[in-house]
Amino acid sequence: MPRYDYRCRVCGATFEVSRPMAEASAPAACPDGHDDTVKLLSTVAVTGGAAAPPSGGGCCGGGCCG
C-alpha cells in the first residue's frame, strides 16, 4: 500500500499515511489532531530489479560535436 507524506500547517509536523491509491487525495489529520494539512510531493524509491545497462557513445556537452 502506498505511503503519502503530509505536513501540518498548524504545528509543522511531517507525517506519513498508508492508504490505497483511490484515497490518495483524501484529507489526513496530523497526529496532534490538527486538520489543516497539506500533502507533500515525494519521490518514488524503486528497489530491487535489474538496473539498465549503461549506454555508450555520444559526446553531448563535449567538444567533439560539430
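In what follows, the structure referred to is the one given above.
Residues numbered from 1 in each chain as written. Predicted model: local features only at pLDDT ≥ 70, side-chain atom pairs only at ≥ 80, totals over all residues. Heavy atoms only, no water.

Draft legend 1. Geometry of the pairing of strand β1 (residues 3-8). On β1, burial follows the alternation: Tyr-4, Tyr-6 and Cys-8 on one face are buried, whereas Arg-3, Asp-5 and Arg-7 on the facing-out side are not. Pairing between β1 and strand β2 (residues 14-18): five bridges, direction antiparallel. Of the residues in β2, the one forming a bridge with Asp-5 is Glu-16. In textbook terms, the turn of a hairpin is the stretch between consecutive antiparallel strands, and for β1 and β2 this stretch comprises five residues, one of which, Gly-12, has a positive phi near 85°. (Buried < 20%, exposed > 50% of the residue type's maximum accessible area, 1.4 Å probe, protein only. Helix = DSSP H or I, 4+ residues; strand = E, 2+ residues; numbered from the N terminus. Pairing = 2+ DSSP bridges.)

Draft legend 2. Structural view of the nonpolar core. By size, the foremost hydrophobic cluster in this structure holds eight residues: Tyr-4, Tyr-6, Cys-8, Phe-15, Val-17, Ala-24, Ala-28 and Cys-30. Broken down by secondary-structure element, the contributors of at least two residues to this core are β1 and β2. If one sorts the elements of this core by residue count, β1 sits on top with three residues. Apart from the residues lying within four places of it in its own chain, the contact partners of Phe-15 are Tyr-4, Asp-5, Tyr-6, Arg-7, Cys-8, Ala-28, Ala-29, Cys-30, Pro-31 and Thr-37. (Core = buried A, V, L, I, M, F, W, Y, C linked by side-chain atoms within 4.5 Å. Contact = heavy atoms within 4.5 Å.)

Taken by themselves, the reported measurements are silent on function.
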